[in-house]
Amino acid sequence: MKTASELFAILQESDESSSIEAKRSGTATHSVLETVCAFANEPGLGGGYLLLGIEEDDTALFPSYRVKGISDPDKLQSDLATQCAGMFNIPIRPTVRIEKIDGSLVAVVRVNELAASQKPLFFKNEALPQGAFRRIGPTDQRCTEDD
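Residues numbered from 1 in each chain as written. Predicted model: local features only at pLDDT ≥ 70, side-chain atom pairs only at ≥ 80, totals over all residues. Heavy atoms only, no water.

Draft legend 1. Examining the packing of aromatic side chains more closely. As enumerated under the stated definition, the model contains 2 aromatic pairs in all. The interplanar angle of 45° and the centroid separation of 4.9 Å between the aromatic rings of Phe88 and Phe123 together place this pair among those described as tilted. Within this pair, whereas Phe88 is found in the loop between helix 3 (73–86) and strand 5 (95–101), its partner Phe123 is found in the loop between strand 6 (104–111) and strand 7 (133–136), the two being separated by 35 residues in sequence. The burial state of Phe88 is the same as that of Phe123; both residues are buried. With centroids separated by 6.2 Å and ring planes inclined at 85°, the aromatic side chains of Phe123 and Phe133 adopt a geometry described as edge-to-face. Taken together, the positions of Phe123 in the loop between strand 6 and strand 7 and Phe133 in strand 7 put the pair 10 residues apart, joining distant regions of the chain. The residues Phe123 and Phe133 share a single accessibility class, namely buried. Counting every residue linked through ring pairs, the aromatic cluster contains Phe88, Phe123 and Phe133. (Phe/Tyr/Trp six-rings, centres within 6.5 Å; stacked < 30°, edge-to-face > 60°. Helix = DSSP H or I, 4+ residues; strand = E, 2+ residues; numbered from the N terminus. Buried < 20%, exposed > 50% of the residue type's maximum accessible area, 1.4 Å probe, protein only.)

Draft legend 2. Representation of the confidence of the model for the protein. Taken over all residues, the pLDDT of the protein has a mean of 95, while the share at 70 or more is 100%. Put simply, strand 3 (residues 54–56) is where the protein has its lowest mean pLDDT, 92, and strand 6 is where it has its highest, 98. (pLDDT = per-residue confidence, 0-100.)

Next up, the structure:
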C-alpha cells in the first residue's frame, strides 16, 4: 500500500488519475462513497486510492495540490467503515490509514476491485444503473444500462 507522501507526490507530478483521487473533505461524503464504488467496479483497474484532506490549488497555473488536513480522524474512519459496510448492495471493506503530510493529518483509503461475480456494486437506496459508478480516467461516472 502506498503512503500518503507517495500519493501526494504522484498527484503533484501527474494530477488525479484512474487510480488516485484527492478529496478536500475529511468526512465520508456521498462523493467519497461514489469514488469507493467506482474503484470497486472498474474492470481491470485493481482498485484505487483516495487521499482525503487534500485540495486542489485553484490559483496554480498547472494542476497542484495542497494539504488541508482532517480534523477528526476517528470519526472519519468510523463513518467510512460503517457507510461502506451498509450503504452498498454488498459490504465493502476499504483499508484506511491516517498519516501526516507537512504536519497535517490526512487519510489514505485503499479500495480493492471486486471480483466479477460481485459486480456491480451499487448504492442500495438507488436503482440500477444510476446507483452504480465506474472509474473513467480521473472521474466517477454513473453507470448506464450498457455498463
